[in-house]
Amino acid sequence: MKKYNLYLKIALFIFISVILVACPNKPDECTWETRTTKMFLNVCKPESYNIPYYECEELQELDSCSYDSLRINLGFESEVLPNQEVCSSPHDSLTGFIDELVVICKNDYNNEYKSHDTINSIIEIIYLIPLGSHGKYEMTETPISLQSFLANNPPCTGGFYMFLNTPPDTTHLQQFIIIYEEDNGKKYQDTTKPIYIKP
């Protein structure tokens with residue numbers, strides 16, 4: 001009888017183990033599509049290219065910074081699109097593609113770029129990329145030209161860091177006008193605070 005109980009317990013243990021392995025408890029996950037609702041931007045002086053914006057030394061109005069130490073942070077607020085599956089562990093996913101991203105200098109920048117010229121050709125960018133389908137993102141490691149980025153029909157992303165790759169002729173007051181448009185017709189425009197940019 002004792003042997004029979006031991007065999008029964010072993011069989012029951014194996015049966016329960018098989019059930020647990022075959023039917024793992026998966027969390028209730030889904031993807032919630034989101035869209036941008038507001039653009040915000042600021043200028044800062046980072047210690048490295050992809051340091052998070054909240055660790056970047058924010059520049060105040062009329063501060064000065066060398067051109068190669070300046071970063072323009074461009075980010076977005078977003079909202080969840082209506083009528084989607086409800087789940088306990090949603091992952092956000094921005095929808096759409098970028099139609100236009102333009103950077104304009106408000107004042108003369110150098111001999112080549114005058115007041116209100118588009119300066120996309122001297123802008124480099126790093127941007128948020130999704131890590132799989134789990135709603136997590138990270139910044140790309142090294143900057144690429146803004147023109148190369150836009151040439152690849154990029155999807156909407158939660159943020160960009162932009163850098164100048166060409167110096168101004170002299171130290172002078174500068175602001176940048178940023179125009180951003182998505183393929184769904186959403187368009188945002190804002191201007192950075194005035195700062196002195198040094199060669």
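Given the structure is predicted, the values throughout are model-derived calculations rather than measurements. By convention here, each chain's residues receive numbers from 1 onward along its written sequence. In keeping with the model being predicted, local features are shown solely for residues with a pLDDT of at least 70 and side-chain atom pairs are shown and tallied solely at 80 or more, while totals for entire chains, interfaces and linings include all residues. Water and hydrogen atoms play no part in the side-chain values, which are based on all heavy atoms of the structure.

Colleague: Lay out the packing of aromatic side chains with the relevant residues and their values.
Modeller: Here is the rule: rings of Phe, Tyr and Trp (six-membered ring for Trp) pair when centre to centre is within 6.5 Å. Planes less than 30 degrees apart are stacked, more than 60 are edge-to-face, and the remainder are tilted. Using the criterion set out here, one finds seven aromatic pairs in the structure. Both rings, one in phenylalanine 160 and one in tyrosine 180, keep their centres 6.2 Å apart while their planes meet at 55 degrees; by these two values the pair is tilted. With phenylalanine 160 in strand S10 (residues 159–164) and tyrosine 180 in strand S12 (residues 176–182), the pair connects residues that are 20 residues apart, well separated along the chain. Summary of the burial criterion: residues with accessible area below 20% of their type's maximum are buried, those above 50% are exposed, and those between are partly exposed, where the area comes from a 1.4 Å probe applied to protein chains only. Using a relative accessible area of 0% as the deciding quantity, one classes tyrosine 180 as buried. The helix and strand labels rest on DSSP assignments: H or I over at least four residues marks a helix, E over at least two residues marks a strand, and numbering proceeds from the N terminus.

Colleague: Can you break down the environment of glutamate 141 residue by residue, with the values?
Modeller: Residue position: glutamate 141 is located in the loop between strand S8 (137–139) and strand S9 (144–145). Judged by relative accessible area, which is 58%, glutamate 141 ranks as exposed. Taking the C-alpha atoms as reference points, glutamate 141 and tyrosine 127, 14 residues apart in sequence, are found 8.9 Å from one another.

Colleague: Quick rundown of the pairing of strand S14 (residues 195–198)? Include the residues and the values.
Modeller: Side chains Ile195 and Ile197 project from S14 onto a buried face, and the interleaved Tyr196 and Lys198 project onto a face without burial. When strand S3 (residues 64–66) meets S14, the two strands line up parallel, connected through three bridges. Directly across from serine 66, in S14, lies its bridge partner lysine 198. Two strands qualify as a pair provided that DSSP identifies no fewer than 2 bridges between them. Sheet topology note: the strand S11 (residues 172–174)/S14 ladder contains three bridges and is antiparallel. Residue pairing across strands places leucine 173 opposite tyrosine 196, the latter belonging to S14.

Colleague: Give me the sheet that holds S14: which residues, what numbers.
Modeller: The three strands lie next to each other as S3-S14-S11, forming an open sheet whose pairing is mixed. Where the open sheet ends on each side, the last strands, each with one partner, are S3 and S11. With direction set aside, neighbouring strand axes in the sheet form an average angle of 40 degrees. Inter-axis angles, ranging from 0 to 180 degrees, are taken between N-to-C directions of lines fitted to C-alpha atoms, where helices are fitted over the stretch in contact.

Colleague: Talk me through the nonpolar core; I want residue IDs and the actual numbers.
Modeller: Only buried Ala, Val, Leu, Ile, Met, Phe, Trp, Tyr and Cys residues count toward a nonpolar core, and they belong to the same one when joined by side-chain atoms within 4.5 Å. Counting residues in each nonpolar core, the largest one holds 33 residues, and the members touching the most others are Leu164 and Phe176. Of all the secondary structure elements, the ones that give two or more residues to this core are strand S1 (29–45), strand S4 (71–80), strand S6 (98–105), strand S7 (123–130), helix H2 (146–151), S10, S12 and S14. In terms of residue count, the dominant contributor to this core is S6 (four residues). Apart from the residues within four sequence positions on either side, leucine 164 is in contact with Tyr67, Leu70, Tyr109, Ile119, Ile122, Ile123, Phe176 and Ile197. Residue contacts follow a heavy-atom distance rule, with two residues in contact if any of their heavy atoms lie within 4.5 Å.

Colleague: Explain the state of the cysteines to me, using residue names and the numbers behind them.
Modeller: By definition, a disulfide links the sulfur atoms of two cysteine residues through a covalent bond. Only a pair of cysteine sulfur atoms within 2.5 Å qualifies as a disulfide here. Taken as a whole and judged by the stated rule, the model has one disulfide. Through a disulfide, cysteine 44 is tied to cysteine 56; the S-S separation comes to 2.0 Å. Torsion about the S-S bond of the cysteine 44 and cysteine 56 cystine: about 90 degrees, corresponding to right-handed handedness. Here cysteine 44 is found in strand S1, whereas its partner cysteine 56 is found in the loop between S1 and strand S2 (57–58), with twelve residues between them in sequence.

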